[in-house]
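These are the residues of each chain, in order.
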Amino acid sequence: MASSSARAYPREKSLWLFVVPSALVVLGIQLYPVLYAVYLSFFDYHIGQSQPRFVGPDNYLALLGQDRVWASLRTTVILVASSLAVEFALGLLLALGLYKLTRGARLFSTLIFVPYLITPVVAALFLRWIFAARWGLADAVIASFDIFPPDWLGSPVWAFVTIIVADVWQFTPFVMLILYAGLQGMDEALLEAGKIDGASGPRLVWHIILPCLRPQILFVLAIRLMDSFRTFDSIYVLTGGGPGTATETLTMYTYALAFKQLDLGRASTLGVLTMLIVTGLTLMIISLMYRRERGAF
Amino acid sequence: MRRLLGQPLVVFLLSLFALFSLTPIIWAVLISIKQPADAFAIPPKLFFEPTFRFHYEIWAERRFVEFFANSTIIALGTVFISVPLGTLSAYGLSRLESKMARSYLMGLLVIRMFPHILLLIPFFIVARSLSMIDTYPAMIAAMVAINQPFTVWLMRSFFLEIPRELDEAATIDGCNAWTTFTKVILPLAKPGIVVTSLFSLLLAYNEFLFALILTGSNTKTLPVAIAEYGGEDLNYWSLSAAGAIGIMLPILLFMLFFQRHLVRGLTIGAVKG
Amino acid sequence: MTQQRETKSGLSRRTILGAAGTLAASAYGFGARAQEMNVRFVGERYPALEFYVKKLQSALPNVKVTADLMPNAPLKELQTITLSSDADSIDIMLGNDLTIANFAQNGWLEPLDEYIAKHKDEYKLDDFAKTAMSSASFGGKVYGLPVLTNTQLMAYRQDLFEAKGLKPPTSFEEYIAAAGALNSPSVAGTVMTLKGDGVLNEGHWYLNALGDGWFDANKKPVFNSQKGIAAIETMKSLTRFAPRGYTANGNDESTILFQQGAAAMGMQWLTRTAAMDRQDQSKVIGKINWAPPPRGGQVVVADTFAISKFSSRNKDTLFRLLAATLSPANQREGASLACPTRVSVLEDPELRQRFRYYNVLVPALDKGAIFPKFAEFKEVSETVTRRVLQAVTGEMPVKEALDTGAKEAEEFLTRRGVYK
């Protein structure tokens, strides 16, 4: 390790030149806008009427005092936590199932993988046609037996569940795939040793398989956490944040502030707050990953 | 473990989930080839006279060809800019071992976490002041930027798999950093480039939030167009189902064709961080 | 070859219209390409407008109109984003009372007074109904040409009412009683259309019929007055008889419920009435009748064609395009789909006879109520209607929800500098 870095040293400068173009893009088109948004968050800025007016921390104070913000934070957290939990549990079960299959694993993994490849807006539409009141597949099938199913998209609680189902439907395949790949890379001798020690079923999973999969588990959790925090497409299509504000997440509310009310100051403020929350949470997971898997970095 | 539960049970459970995965898609296909009167029937009709009228109408008469062209231009534009930039950067970073390189990589990871809505607001303001709303470059620039951190991390994992001894041998043979990269390393990284391009393509083709704001009547992409159909209008059920299927099919077939590469891209991320 | 023929016939029509005769003649020298003009239109997607878009596309020779039609919510977003960016990718658009006021105040629309004065005689522009013109105006200027007047009627299933010996309700007590009597698991007593803007339209009726409306003349909220709270309580009590999914139902969903025989009564946009008798969609042909909503106060709006300030096309041509589209002949033809805005067409006895809804329309229009006429209403209504929906679905007690909404509305309007 040390010797190779010593040899690489003289070329370090020229190697950095490779990084420069991409770094300029990242700095110019990603970092600068974020800093600009942070700057805007201290202004009362509404397109169409006034000039930006410096208001200090007023936007932050006003938003933190709004129950709509707290409600959307709560919605976001519950949404992320529940879909993460369900996706992980299902994904793990499916991966174990695939691993156990003696034949046909490839076929099943391909079939189950399909939803992950669909454009999210289209995926949400597909589910809308399942859950649409009365004419959707779910209702049509259930109502054929003269049973009247719940209001999937119209009642606050069920709308929420439907959004989670949508996320689970589309992203469980991703979790499954990663964990399955981890299982395939696992040392079978460990399993055999566990069996000789008399471990079985859940104990085997808990004590041997899960520890082996740690890097994959942390990876899927980190990725899904980042991505589900910014879920937008499926909510926009399925419920638009409704009924009322029942499925309005931080992203949805920020969107409404920015592009329905054109209140760019407050929208930036809410965006910054979201960023702080997501970054905090994800860094927590990454530091876990980093501590355990120092070598990988 | 492998004999813990019977095979039939595992097969049954997996089939059940596969059914769960595929039902919405099959249902949508059925809607798209049913007459509206059949589509709304209760109980659902399984046997009916199929029609491809709506598929024809949505592409030929409802401008979906145009939206598809917009989507393609934006997706390819993104791939052709993002992947070369990311590949260069990833090579540099895969061979650098300084603290600074490591911090830069961590920085990229943090940027990957930013909520998109936060980026969108300044993008909107800047694009607005440059009169670039509803133009291809605005949307492509946004996609390239969003895509960079992931592209760099992914390509770096591939470069890490190429032994450094090759770089060193090339240097001894008289190559400088650039020729080492182009003549020796790049050819070996081809599979990685394929994978990274696939992911960039998928991301740009699927993108909705940015397209909703940065594109307009001239540059509207397929996801935005279809959301305008199926989002509300049950009257346009069959038509929007036809549109949705049409959007899904090309990318799905393409991606299934390259499935091996995709899976490799996903899992290499999990192992290398 | 065909191209040439089109050019010639186009030219001759143009000459007959007498518009820009010399310009056309000089342009002729440059060939067909030089005079072809591409115009981009954005608007809402519903049957009547699809009809007018077809007319728009053939209204003037050598003007090619590309239409982008979508539901109301995304339309407003697209218009707001494009216009606020001064982008010229929209030339002409569909507006309504709310958006015309809002966009006009922001300086995004081209005032049309001059063009109207110039082309008044040629296109008979004096013929438009005063109420419709006022929907297209803001701050003393005209910003649009009204395409159609729209209002909500009370649609009801005549056969079901007769079977139970009921008369169409004329009061809310009767409305509630009828909804209760006709409600069953398979047929909803009353449709409610509360997705997105639906709350605004339907809440408007309750608040104007039973309450004091949304805002007073000083733009202070009054929807949370004593009577306003009672009005929303009434609305809430009717949700018992609403179909499942009513909070996620837009106009399309409610229309289908009626067509499929799954609703007994409810508010329905005039532009949706024709769909009740459509052979290929409806199972209740001839069974639906309409009456003015009890106590009136239902929403009355006009959808209008407007021109973007930022369009780089010749605005005079754009105006003539709109005016030609709204010719008496076209409006007469479109009367089967929507209420015309020209007095001469409205009062045509032959049309009154032909379309069933006409008998109800005139008394209904008399008793309807327009939206509060201030630019910020479009945005403030977004927050307020959320609270109304929370009240109606029982997520929050009615009084608390409306009071919170009023507080938010006042805070919002204060920040916008409305109270000065």
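Calculation notes
- Residues numbered from 1 in each chain as written.
- Chains lettered and ligands numbered in written order.
- Predicted model: local features only at pLDDT ≥ 70, side-chain atom pairs only at ≥ 80, totals over all residues.
- Heavy atoms only, no water.
- 1 Å grid on protein atoms, 1.4 Å probe; cavity = no way out; pocket = protein on both sides within 12 Å on 5 of 7 lines; lining within 4 Å.
- Points joined across faces, edges and corners; volume = space filled by probe spheres on them.
- Helix = DSSP H or I, 4+ residues; strand = E, 2+ residues; numbered from the N terminus.
- Nonpolar A, V, L, I, M, F, W, Y, C, P; charged D, E, K, R; others polar.
- Contact = heavy atoms within 4.5 Å.
- Buried area = accessible area lost by both parts, 1.4 Å probe.
- Salt bridge = Lys/Arg side-chain N within 4 Å of Asp/Glu carboxyl O.
- Polar contact = N/O pair within 3.5 Å; in protein donor to acceptor, adjacent residues only side chain to side chain.
- Buried < 20%, exposed > 50% of the residue type's maximum accessible area, 1.4 Å probe, protein only.
- Domains from an automatic or database assignment.

### Description of the layout of surface pockets
Gaps left between atoms show up when a probe the size of a water molecule is rolled over them.
Working step 1: For the second largest pocket, the calculated volume is near 740 Å³.
Working step 2: Along its surface, the second largest pocket is lined by 31 residues, and A:Asp67, A:Arg68, A:Ala71, C:Arg387 and C:Glu408 are the ones closest to its centre.
Working step 3: For the lining of the second largest pocket, the elements supplying multiple residues, two or more each, are helix H4 (67-100), helix H8 (156-184) and helix H13 (250-260) of chain A together with helix H20 (377-392) and helix H21 (398-415) of chain C.
Working step 4: Looking at the lining of the second largest pocket, the element that brings in the most residues is H4(A), giving seven residues.
Working step 5: Broken down by class, the residue content of the lining of the second largest pocket amounts to 11 nonpolar, eight polar and 12 charged.

### What about the interface of chain C and chain B?
Working step 1: Residue-level contacts link 24 residues of chain C with 22 residues of chain B.
Working step 2: Summing both partners gives a buried area of about 2,200 Å² for chain C against chain B, and 46% of it is carried by carbon and sulfur.
Working step 3: Remark: the boundary between chain C and chain B carries three salt bridges.
Working step 4: As a salt-bridge pair, C:Asp68 and B:Arg63 come within 3.9 Å of each other at their nearest N and O atoms.
Working step 5: Applying the counting criterion to the chain C and chain B interface returns seven residue pairs in polar contact (both at pLDDT 80 or more).
Working step 6: Only strand E1 (37-44), strand E2 (63-70), helix H5 (72-84) and helix H13 (251-259) of chain C provide two or more residues apiece to the side of chain C that touches chain B.
Working step 7: Looking at the side of chain C that touches chain B, the element that brings in the most residues is H5(C), giving six residues.
Working step 8: Residues that form the side of chain C that touches chain B fall into these classes: nine nonpolar, six polar and nine charged.

### Looking at the environment of B:Tyr136
Residue and element names in this part refer to chain B.
Working step 1: Here Tyr136 lies in helix H7 (residues 136-160).
Working step 2: Overall, Tyr136 belongs to the partly exposed group, its relative accessible area being 26%.
Working step 3: Leaving out residues up to four positions away in the same chain, Tyr136 has contacts with Asn70, Ile73, Ile74, Asn218 and Thr219.
Working step 4: One polar contact links Tyr136 to Asn70, side chain to side chain, over a distance of 2.5 Å.

### Observations concerning the domain arrangement of chain C
Residue and element names in this part refer to chain C.
Working step 1: What the domain assignment reports for chain C is domain 1 (2-148 + 302-358) and domain 2 (150-300 + 360-415).
Working step 2: Computed from C-alpha coordinates alone, the two centres of domain 1 and domain 2 are separated by 30 Å.
Working step 3: At the junction of the two partners, domain 1 supplies 25 residues and domain 2 supplies 25 residues.
Working step 4: Buried surface at the junction of domain 1 and domain 2, summed over both partners, amounts to about 2,100 Å²; 56% is from carbon and sulfur atoms.
Working step 5: Considering only the side of domain 1, the residues that lose the most area to domain 2 are Leu98, Arg356 and Tyr357, jointly responsible for 32% of the buried surface there.
Working step 6: Summed over the shared surface of domain 1 and domain 2, the result is one salt bridge.
Working step 7: One salt bridge in this structure joins Lys76 and Asp197, with 3.2 Å as the shortest N-O distance.
Working step 8: Between the two partners, domain 1 and domain 2, sit five residue pairs in polar contact (both at pLDDT 80 or more).
Working step 9: Going through the elements one at a time, H5, helix H6 (97-105), helix H8 (130-135) and strand E4 (137-138) are the ones with two or more residues in the side of domain 1 that touches domain 2.
Working step 10: Broken down by element, the side of domain 1 that touches domain 2 gets its largest block of residues, seven residues, from H6.
Working step 11: For the side of domain 1 that touches domain 2, the class distribution of residues is 12 nonpolar, nine polar and four charged.

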